[in-house]
Amino acid sequence: MARTTSVKPSALGLRTVRLLAGLDAGALEELAQQCRWRRCPAGQCITSREAQDQDVYLIVSGKVRVTAFSAAGRQVTYRDVASGEWFGDLAAIDGHSRSADVDALEDTVLASMKPAVFRRLLHEHPAVCDRVLDRFVTLVRDLTERVFDFSTLGVQNRVHAELLRLAKEAGVQGNMARIQPAPKHSEIASKISTYREQVTRELSALAKQGLLQRADGALVIPDIARLQRIVEEVRRSA
């Protein structure tokens, strides 16, 4: 199995990270030297729940998945974090242990900074601080919506809502979206608190209704507006 390897610090690599947009070359070079750089192969655990490390991780390239497992081994997927984003700031701010596992979904290059470096970055660059605050607000809103869905929607409607979220994330063109690669049914199940078999059943039902198509390893939503109406009507009546 491939192992984590060291990577040479790169101010150019940090230019891909949205958090650092607008920082000048000198600031990026200084930060690059203060970070720990590494390349993690797909499937590698980057950090785990209850771990004591409190670094903030910048994703220079690749993608990671944030999850947790119950005592019985059931997986709960919180979100995927793509190249140009960051994670780990909660532990850096409150000093507590990690609240989730993070694994590399593909070959991923990371630059991680210690909490003290992160806090200094926030204090010295207001635009960076604003981006962290904006991201926190987005996370709270997303989690609020998910809690509402879990509490009020049945499995069928949660599948609809998750497909709509994935479609918007993939990008809507006209009134259609192409989710590629198609997520595994078990991955969808872990995000909406259900079982793979139930997801398979609901996706088959959507295909029969013309709301879902499969093509070349992708899921195609041919009528986003129709799916949006279904999700909104159920939420209003919940």
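Residues numbered from 1 in each chain as written. Predicted model: local features only at pLDDT ≥ 70, side-chain atom pairs only at ≥ 80, totals over all residues. Heavy atoms only, no water.

1. Digging into the layout of surface pockets
Reported here for the largest pocket is a volume of approximately 1400 Å³. Surrounding the largest pocket, 47 residues form its lining, Tyr78, Arg79, Leu139, Asp142 and Leu143 being those nearest its centre. Among the secondary structure elements, those contributing two or more residues to the lining of the largest pocket are β5 (63-69), β6 (75-82), α3 (89-94), α5 (126-152), α6 (155-170), α7 (185-192) and α9 (224-237). If you tally residues by element for the lining of the largest pocket, the top one is α5, at 12 residues. Looking at the lining of the largest pocket residue by residue, the classes come out as 18 nonpolar, seven polar and 22 charged. By volume, the second largest pocket is sized at about 440 Å³. If you trace the second largest pocket, you find 18 residues lining it, with Lys63, Arg65, Asp80, Gln180 and Pro181 closest to the centre. Those elements that provide at least two residues to the lining of the second largest pocket are β5, α6 and α7. If one sorts the elements of the lining of the second largest pocket by residue count, α6 sits on top with four residues. In terms of residue class, the lining of the second largest pocket is made up of eight nonpolar, one polar and nine charged. (1 Å grid on protein atoms, 1.4 Å probe; cavity = no way out; pocket = protein on both sides within 12 Å on 5 of 7 lines; lining within 4 Å. Points joined across faces, edges and corners; volume = space filled by probe spheres on them. Helix = DSSP H or I, 4+ residues; strand = E, 2+ residues; numbered from the N terminus. Nonpolar A, V, L, I, M, F, W, Y, C, P; charged D, E, K, R; others polar.)

2. Thoughts on the pairing of strand β13 (residues 218-221)
The side-chain alternation of β13 yields two buried faces, one formed by Ala218 and Val220 and the other by Leu219 and Ile221. In the sheet, strand β11 (residues 176-179) pairs with β13 via three bridges, with the strands oriented antiparallel. Within β13, the residue paired with Ala177 across the bridge is Ile221. As defined by bridge partners, strand β12 (residues 213-215) adjoins β13 across three bridges and the pair is classed as antiparallel. In the strand pairing of β13, Gln213 is matched with Val220. Between β12 and β13, which pair antiparallel one after the other, the connecting turn spans two residues, and Asp216 there sits at a positive phi close to 50 degrees. (Buried < 20%, exposed > 50% of the residue type's maximum accessible area, 1.4 Å probe, protein only. Pairing = 2+ DSSP bridges.)

3. Side note on the nonpolar core
Among the nonpolar cores identified, the biggest contains 26 residues, and Leu14, Leu19, Leu20, Leu58 and Met113 are the most heavily contacted of them. For this core, the secondary structure elements donating two or more residues are α1 (11-14), α2 (25-34), β4 (56-61), β9 (108-113), α4 (115-124) and α5. Membership of the second largest hydrophobic core comes to 22 residues, among which are Val155, Leu206, Ile224 and Val231. (Core = buried A, V, L, I, M, F, W, Y, C linked by side-chain atoms within 4.5 Å.)

4. Some points on the packing of α6 against helix α8 (residues 196-208)
Remark: α6 packs on α8, axes separated minimally by 10 Å, with the N-to-C direction vectors making an angle of 70 degrees. By the angle class used here, α6 and α8 are roughly perpendicular. Where α6 approaches α8, its residues Val155, Gln156, Val159, His160 and Leu163 are matched on the opposing element by Gln198, Val199, Glu202, Leu203 and Leu206. (Axes fitted to C-alpha atoms, helices over the stretch in contact; angles between N-to-C directions. Parallel < 35°, antiparallel > 145°, perpendicular 65-115°, else oblique. Contact = heavy atoms within 4.5 Å.)

5. Some thoughts on the sheet that holds β6
Overall, antiparallel pairing links the four strands, which are arranged β3-β8-β5-β6 in an open sheet. Edge positions in the sheet fall to β3 (45-47) and β6, since each of these pairs with one other strand and no more. Adjacent strand axes in the sheet meet at a mean angle of 30 degrees when their direction is disregarded. Where β5 and β6 come together, seven bridges link them in antiparallel fashion. Residue pairing in the sheet places Thr67 in a bridge with Thr77 of β6. Where α7 meets the sheet, its contacts fall on β5 and β6, and the angle it forms with β6 comes to roughly 105 degrees.

6. What to know about the pattern of salt bridges
Following the criterion strictly, the structure yields 14 salt bridges and no others. Between Asp53 and Arg98 there is a salt bridge, and its shortest N-O distance comes to 2.8 Å. Of this pair, Asp53 sits in the loop between β3 and β4 while Arg98 is found in the loop between α3 and β8 (101-104), placing the two residues 45 residues apart along the sequence. We classify Arg98 as buried; its relative accessible area is 7%. Between Glu187 and Arg65 there is a salt bridge whose closest N-O contact spans 3.3 Å. Residue Glu187 is located in helix α7, and its partner Arg65 is located in strand β5; the two are separated by 122 residues in the primary sequence. (Salt bridge = Lys/Arg side-chain N within 4 Å of Asp/Glu carboxyl O.)

7. Remarks on the sheet that holds strand β7 (residues 86-87)
Across the sheet, five strands lie side by side as β1-β2-β9-β4-β7; this open sheet has antiparallel pairing. Of all the strands in the sheet, the pair left with one neighbour each is β1 (5-6) and β7.

8. Some thoughts on the pairing of β5
Burial analysis of β5 places five of its seven residues in the buried class, which makes it a mostly covered element. Where β5 folds back on β6, the antiparallel hairpin that results is connected by five residues, among which Gly73 adopts a positive phi of roughly 95 degrees. Sheet topology places β5 next to β8; four bridges connect them, and they run antiparallel. Residue Arg65 lies in a different strand from β8, and its bridge partner there is Asp103.

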